[in-house]
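Architecture at a glance
Listed below are the residues making up each chain.
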Amino acid sequence: MDYPFSMIEQKWQQTWQKRRIANAPDNADKTKYYVLSMFPYPSGVLHIGHASNYAIGDAISRLKLMEGYNVMQPMGYDSFGMPAENYAITHNSHPRITTEEHIASMRKQFDGMGFFLDWEREVSTCRPDYYRWGQYIFKKMYEQGLVYRKKSFQNWCEPCNTVLANEQVEDGACWRCGSEVIQKELEQWYFRITKYAEELLDFSDVIEWPERVMTMQKHWIGKSEGARIEFTLEHSDTKIPIFTTRPDTIYGVTFMALPPEHPLVQQWLAEEPDNRELQDFCKKVINEDKVLRQSAETEKEGVFSGRYCVNPLNGAQVQIWITNYVLMDYGTGAVMAVPAHDQRDFDFSKKYDIPMKIVIQNPAGNLDISTMSEAYIEPGIMAASAHFDGMPSDAAKSAITEWIAKNGWGEKTVTYRLRDWGISRQRYWGNPIPIIHCPKCGIVLVPDEDLPVLLPDNVQVGKTTSNPLLSVPEWLNVTCPQCGADATRETDTMDTFVDSSWYYARYADAHNTALPFDQDKSDYWLPVDQYIGGIEHACMHLLYARFIYKFMRDLGWVKGNEPFLRLLTQGMVLKDGAKMSKSKGNTVDPQYIVDRFGSDTLRVYLLFASPPEKDVEWNDEALMGSFRFLNRIYRLIDGNLDAIKKGMQFEADVAKLSPEMKQLLFSSHYCTKKWREDSLQRMQYNTAIAAIMEHLNHCIAIKDAANLDDDALAVYAEACGIIPQLLYPFAPHIAEELWQMIGCESLLHESGLPGYEEKYLLQDTITLVVQVNGKIRGKLEVAPDTAHDLLQEEAMKIENVQRALDGFEVVKVIVVPGKMISIAAKPKK
RNA sequence: GCGAAAGUGGCGGAAUUGGCAGACGCGCUGGACUUAGGAUCCAGUAGGUUCACUCCUGUAGGGGUUCGAGUCCCCUCUUUCGCACCA
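These lines cover the structure that appears in this document, whether it is placed above or below.

**Some details on the nonpolar core**
Membership of the largest hydrophobic core comes to 185 residues, with the highest contact counts inside it found for Phe138, Tyr504, Met552, Trp618, Phe629, Tyr716 and Phe730. It is helix H2 (residues 48-66) that contributes the most residues to this core, 10 residues altogether. Membership of the second largest hydrophobic core comes to 44 residues, among which are Val303, Leu313, Ile320 and Ala334.

In structure tokens, the structure reads:
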């Protein structure tokens, strides 16, 4: 018979709810512990990845609960965004309706899992009581000078009259109508995240983040040091600033490379409408698929602009080329090209027959343009570089930069790969940007008392292809709050990453109607102690959230520098070695598993399969193993209730125990120790569960518990009695049930963490391994405190050791206390 | 191409600080039991060798350091992820 998991799980879910164990009070006497799992997009169904994420969060929460913390683990929904809008379009409905339906059905599935979640703090980003404060934060950022508008090129579909995300562009064509995607210059709203670039590189205030994630973020930010140098357009005062990390090569510049998007190029395009070569090239490059254009495989191309600029250091005339391999978004959007010492410039100048000039010699001194097949990018000795000749190129970097600064041609500078955060989306289902465009006053912020700018409901998504907000005149047309003139609302909505970059703070005070959150509450709850989510958010979400946290800190809203003190990036659940997805048809429905085997089985399976940060391979048969494990536990305790209850009244006299019962006593304490290390310190739940299984096997090995004497019974009762406590973080329902069955009246978390005593971990004898030249040749069973001399003597006596030493002479004997005796020997002469 | 991580039985994985490789689970093999179950219990399970004891081999491959290497160093291969002309 299977244990009655369904009855047990319902019973304890109701009890927990009644006892409000997951509803964390603000400002309790206890120390807080804030556990947060990334909130889901409400697709309508929990998938196995969610279950895995929340099983981990639940284990951590319940462990911290046992430890006595005031634990808060909230949950909510990341409910704005393109998927919800598209879902509504295909189902001919409204995203507000479908989203709320999805949330309701997900909530049911959440409840069936019995997760430790404080639902009284639920947030949903698409509800006005939440997005109102996103608008408020936008305004604060605007006031701090962290918001600006800038023209930039976006994927644009002309027939659909809409902007497309990179993922909506398939082979350069619109995913919906199939027509060619072009690049259109649009005014977009930006957050000045680059202002925090330097600080975002500093992780000294996080307690425990995966090294991997920090490395990825550092690379994403991409700090590089170099020089900003101004070249002058010939016969003009126009300066062309460039950024270079190789100022030591500046005497080797033979051309200047600009992208078609460069403002100067745009100006020339306007001045020379009849220059077909220039016009056609720029149009072609700008409209090229972004991904394709940025590929290293793409052939480097360019056209000569017919213009020259001047190298400030030597007055040399430099050709200006317009090319497809320079990025407008990085550095100053202009490159001084040094073909002899940069591979890309080398390739380009070979193709277009542009001169090269060697200004850094290799140590052999035999670099020659006529024989070079690739650029020389290593350091070397300066050559043909005026008074810097003969200097090592590394030293010349700073010498030349100083020379440039001294003469006012430029300066030492730092550039980041990180770009400002474009938050504009030309979509309906997002948080409206609280801006009004007035013909007289220009850009005007919506006053606080008019927040939130509500998304109008009378919109039919999918009926218009452009942003539906444009089709609601009663929403669009307003009077200017400053001058009363007729004005229009901003129709861009915010990137959903804005919503998710501060939600963790809203949970601290989810129902505040006067502020995003009250500072007393945020001071108590923030920062998040443990954050859990997928590695795919390593760069974007986690970086944005850190940025917004630092901004809120600067406003004095929150304390500390980091929103998430500990981060755990959990692995994916795979099936047949591949990511589960509907299109592959390899999904597993967690609800089905819960119905068949219970939430506890599913959790134990997910946690036992691998350490949390690694991927889990789904395996139906291994799932049965977890189910059997819980059944075995239930049978053990249910079948020996009388013995356990009786034994709990006794205290064991250790001296009177049989060797078998001594081992069981050892197992209880050893297992508890290992469980504490694995689950609390290492957060490696798979081995913590393995330790319970091992201990369970020892308990089951005692066959006739009813006939044990009182001392043995006491040991047996303890051994069985600790199992519910050990099980609680991983399979809480069955754990509570068993706890109650053995007569304990408290809820399990109130029992505290299970403890162990060192004295029971001492063994009479220990086993030492004896090695000869690294190979095991025998074992010694000795008292733990045996003297080293004696150990060596005993080891030498072992027959096998003798045999291995035959014809050898001992060079050295190493004793590793408690572990081994290693004999090093060499052949006799 | 650059960067990061990883590679251990038939499978998921363990080995925490350089110290008994394969804990625990799945699967498999043999046996017991029969309320015939998605059961339970017992024994076995890296490969080779041997009746057995033993011995040999073995953590992607090759080298190295060490009394001792899955773990540290160098080279190579493979896989996954991230980035993609970053001046």
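That was the structure; now back to the text.
**With respect to the pairing of strand E33 (residues 775-782)**
Here 7 bridges tie strand E32 (residues 766-772) to E33, and the two strands are oriented antiparallel to one another. Within E33, the residue paired with Val772 across the bridge is Lys775. In textbook terms, the turn of a hairpin is the stretch between consecutive antiparallel strands, and for E32 and E33 this stretch comprises 2 residues, one of which, Asn773, has a positive phi near 50°.

**A short note on empty space enclosed by the protein**
Enumeration according to the criterion identifies 4 cavities of 30 Å³ or more in this entry. Here the second largest cavity is characterised by a volume of approximately 60 Å³. Residue lining of the second largest cavity: Ser52, Ile56, Leu606, Leu607, Ser610, Pro612, Lys614 and Val616, and that is the complete set. Put simply, the parts of the chain that give the lining of the second largest cavity at least two residues each are H2 and helix H19 (599-609). Split into classes, the residues belonging to the lining of the second largest cavity amount to 5 nonpolar, 2 polar and 1 charged.

**Describing the side chain of Ser393**
You can see Ser393 is positioned in helix H12 (residues 393-406). Overall, the relative accessible area of 1% leaves Ser393 in the buried class. Each residue touching Ser393, except ones within four places of it in the same chain, is listed here: Asp248, Ile360, Pro379, Gly380 and Met382.

**Some details on the sheet that holds strand E26 (residues 493-494)**
Across the sheet, which stays open at both edges, the 3 strands sit in the order E20-E26-E21 with antiparallel pairing between neighbours. Each of the sheet's edge strands pairs with one partner strand only, and the pair in question is strand E20 (424-425) and strand E21 (431-432). As judged from the 2 bridges shared by E20 and E26, these two strands associate in the antiparallel manner. Residue Ser424 lies in a different strand from E26, and its bridge partner there is Met494.

**Considering the pattern of salt bridges**
Using the criterion set out here, one finds 42 salt bridges in the structure. The salt bridge partner of Glu271 is Arg307, with a shortest N-O separation of 3.6 Å. Taken together, the positions of Glu271 in helix H8 (residues 263-271) and Arg307 in strand E13 (residues 302-310) put the pair 36 residues apart, joining distant regions of the chain. One salt bridge in this structure joins Arg344 and Asp342, with 2.7 Å as the shortest N-O distance. Among the residues examined, Arg344 registers a relative accessible area of 48% and is labelled partly exposed. Several salt bridges share partner residues, and in doing so they unite Glu199, Arg546, Lys550, Arg553, Asp554 and Glu562 into one network.

**Considerations on the pairing of strand E4 (residues 118-124)**
Of all 7 residues in E4, 6 are buried; the element is thus mostly enclosed. In this structure, strand E3 (residues 74-77) lies alongside E4, joined through 3 bridges in parallel fashion. Opposite Pro74, over in E4, you have Asp118 as the bridge partner.

Reading the values: the criteria
- Residues numbered from 1 in each chain as written.
- Chains lettered and ligands numbered in written order.
- Predicted model: local features only at pLDDT ≥ 70, side-chain atom pairs only at ≥ 80, totals over all residues.
- Heavy atoms only, no water.
- Core = buried A, V, L, I, M, F, W, Y, C linked by side-chain atoms within 4.5 Å.
- Buried < 20%, exposed > 50% of the residue type's maximum accessible area, 1.4 Å probe, protein only.
- Helix = DSSP H or I, 4+ residues; strand = E, 2+ residues; numbered from the N terminus.
- Pairing = 2+ DSSP bridges.
- 1 Å grid on protein atoms, 1.4 Å probe; cavity = no way out; pocket = protein on both sides within 12 Å on 5 of 7 lines; lining within 4 Å.
- Points joined across faces, edges and corners; volume = space filled by probe spheres on them.
- Nonpolar A, V, L, I, M, F, W, Y, C, P; charged D, E, K, R; others polar.
- Contact = heavy atoms within 4.5 Å.
- Salt bridge = Lys/Arg side-chain N within 4 Å of Asp/Glu carboxyl O.

Purely spatial values, then, with no claim about function.
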